[in-house]
Amino acid sequence: MKTKGAVLRNPGEKWQIEEFELGDPVAGEVQVKLVSSGLCHSDHHLRTGDSPAPMPVLGGHEGAGVVTKVGPGVTRLKEGDHVVTAFIPACGTCEPCSRGQQNICDEGARLLTGLSISDDTNRAHTHDGLPLVQMCMLGTFAPYITVNQASLVKIEDDIPLQAAALLGCGVATGWGSAVEIGGTHAGDTVVVVGIGGVGINSVQGAAAAGARNVIAVDPVPFKLQMAEKLGATHTFASMEDALEAIGDITWGRMANTTILTVGEIDGSMIAPALALTGKGGQVVVVGMGNFQSMDAQMNLFELTLLQKRVQGAIFGGASPRTQVPALLNEYRAGKLNLEDLVTNTYRLDQINEAYDDMLAGNNIRGMIVYGEDDY
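Only a predicted model underlies this, so the values are computations on that prediction, with no experimental measurement involved.

A. Structural context of the overall build of the protein chain. A count of helical and extended segments in the protein chain gives eleven helices and 18 strands. Computed over the C-alpha atoms, the radius of gyration of the protein chain is 20 Å, within 12% of the 21 Å expected from 2.2 N^0.38 for a compact globule of 375 residues. Taking the principal axes of its C-alpha atoms as reference, the protein chain extends roughly 60 × 40 × 35 Å. Across the 375 residues in the protein chain, those meeting the buried criterion constitute 57%. Across the protein chain, the fraction of contacts at a sequence separation of at least 24, relative to all contacts at a separation of at least 6, is 71%. Entry remark: accessible area of the protein chain is about 14700 Å², with carbon and sulfur atoms responsible for 50%. Considering the protein chain, the positive charge centre built from 25 side chains and the negative charge centre built from 42 side chains are found 5 Å apart.

B. Region of the structure containing the packing of aromatic side chains. On inspection of all chains with the given rule, the structure shows three aromatic pairs. Relative to Phe 315, the ring of Phe 87 lies with its centre 5.5 Å away and its plane at 50 degrees, an arrangement referred to as tilted. Of this pair, Phe 87 sits in the loop between β6 (82–85) and α2 (95–98) while Phe 315 is found in the loop between β16 (309–312) and α10 (320–332), placing the two residues 228 residues apart along the sequence. Of the two residues examined, Phe 87 and Phe 315, each falls in the buried class. Members of the aromatic cluster, joined through ring pairs, are Trp 15, Phe 141 and Tyr 355.

C. The arrangement of the pattern of salt bridges in detail. Scanning all chains against the criterion turns up 18 salt bridges. The shortest N-O distance in the salt bridge between Asp 374 and Lys 4 comes to 3.7 Å. With Asp 374 in the segment after β18 (365–369) and Lys 4 in strand β1 (residues 2–8), this pair connects stretches of sequence that are 370 residues apart. On the basis of relative accessibility, which here comes to 13%, the residue Asp 374 falls in the buried class. For Lys 4, a relative accessible area of 28% puts it in the partly exposed group.

D. Main features of the environment of Pro 143. With respect to the secondary-structure elements, Pro 143 resides in the loop between β8 (131–134) and β9 (144–148). Linking Pro 143 and Leu 34, residues 109 residues apart in sequence, is a C-alpha distance of 5.1 Å. With residues up to four places along the chain from it excluded, the contact list for Pro 143 reads Thr 3, Lys 4, Val 32, Lys 33, Leu 34, Tyr 370, Asp 374 and Tyr 375.

E. Representation of helix α6 (residues 221–229) within the structure. Looking only at α6, the buried set comprises Lys 223, Leu 224, Met 226 and Ala 227. When α6 is viewed along its axis, its buried side chains cluster within an angular range of 160 degrees and face the same direction. In α6, the exposed residues that point more than 90 degrees away from the buried face are Pro 221, Gln 225 and Lys 229. Those residues of α6 that are buried lie in contact with α5 (199–208), β12 (213–217) and β13 (234–236).

F. Up close: the pairing of strand β2 (residues 16–22). Bridging between β1 and β2 involves six bridges; their strand directions are antiparallel. Counted as the bridge partner of Ala 6 is Ile 17 from β2. Pairing geometry for β2 and strand β7 (residues 124–126), over three bridges, is antiparallel. Its bridge partner lying in β7, Phe 20 is registered against Thr 126.

G. View of the packing of helix α1 (residues 41–48) against helix α11 (residues 351–359). Axis separation between α1 and α11 bottoms out at 11 Å; the angle between their running directions is 105 degrees. Overall, the two elements α1 and α11 adopt an arrangement that is roughly perpendicular. Side by side, α1 and α11 meet where His 41, Asp 43, His 44 and Arg 47 of the first sit next to Asn 352, Tyr 355, Met 358 and Leu 359 of the second. Taken together, the residues that form the contact of α1 with α11 break down as three nonpolar, three polar and two charged.

Conventions adopted
- Residues numbered from 1 in each chain as written.
- Predicted model: local features only at pLDDT ≥ 70, side-chain atom pairs only at ≥ 80, totals over all residues.
- Heavy atoms only, no water.
- Helix = DSSP H or I, 4+ residues; strand = E, 2+ residues; numbered from the N terminus.
- Rg over C-alpha atoms; globule rule 2.2 N^0.38 Å.
- Buried < 20%, exposed > 50% of the residue type's maximum accessible area, 1.4 Å probe, protein only.
- Contact = heavy atoms within 4.5 Å.
- Areas by Shrake-Rupley, 256 points an atom, 1.4 Å probe, with all protein chains shown as cover.
- Lys, Arg positive; Asp, Glu negative; His and termini not counted.
- Charge placed at Lys NZ, Arg CZ, Asp CG, Glu CD.
- Phe/Tyr/Trp six-rings, centres within 6.5 Å; stacked < 30°, edge-to-face > 60°.
- Salt bridge = Lys/Arg side-chain N within 4 Å of Asp/Glu carboxyl O.
- Arc of directions from axis to C-beta.
- Pairing = 2+ DSSP bridges.
- Axes fitted to C-alpha atoms, helices over the stretch in contact; angles between N-to-C directions.
- Parallel < 35°, antiparallel > 145°, perpendicular 65-115°, else oblique.
- Nonpolar A, V, L, I, M, F, W, Y, C, P; charged D, E, K, R; others polar.

Here it is, written out as structure tokens:
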């Protein structure tokens, strides 16, 4: 079928709305009509060149919709099912999946190649015949996607699809970074640095887990106000501003966990994050940096003697097929707020404006909502 989407031809350029050819599902694949797509900072890394994806690329990896076609051999899904995209596929049979670590499934090695899990070919092609890479094997900046069933999680029909799209990346990653890989316990002190589409859900997760102090750090006042609304007990404009106050709040114990959810990670951020973190605590690094960046600053004397840890995290350290249903239960119970996460919605042809808003700090999460003109 012919459809349209937001395509990046070269790093440094703007997203262009282009018509492209989307193939029908082959063995193990389905086609999905999307309702919405979240606008994540990770897709902006394609534009800056920080993520090394082949070009041209169809952006987007956070979406939700309804299955419209089913390929041969598909057992998990049927036409009419409501689904959320998972930017990490979960095959269920590789070694990481078998030990319960679906978030680091071996199929994730294909994330920035665009090659189909089913047959190592491209399912999308540009109007001028070039293979079109689908970001994270998804490409949700288009109203239709053809993807492997391993990249989708079925959800119940009672969940609003527009809000459910956020579960595919921002909500699951943020919540899991506090609750799963972050291991927040009742009474803990948790610091979240960077209150965007991921960090705001680390705040929600830490609060739901019973943290005594949930400390949000961001230079944008509007974001700190939203953090307070969704569970933060204290807010600061910078890690430097927070340092002395956290010592006072915790009687010198400092944070159990500091979570770095800024849009662009830099190695210079590790040392101040560790300074906010107490003995035996950890810094969870969630935001992405340039793929060539090798340098990080930290006090090695302090790292050893105070037994601190620096921990990477993808999808919040949780498995998509267990985390998405679990988060929906939190939503039904009133412990997870999805509605307030979306600051502004946009048409597909407003995508560059939407990313300008993100970079200006105007959004917690922007979202593309597809209309009848897009299908």
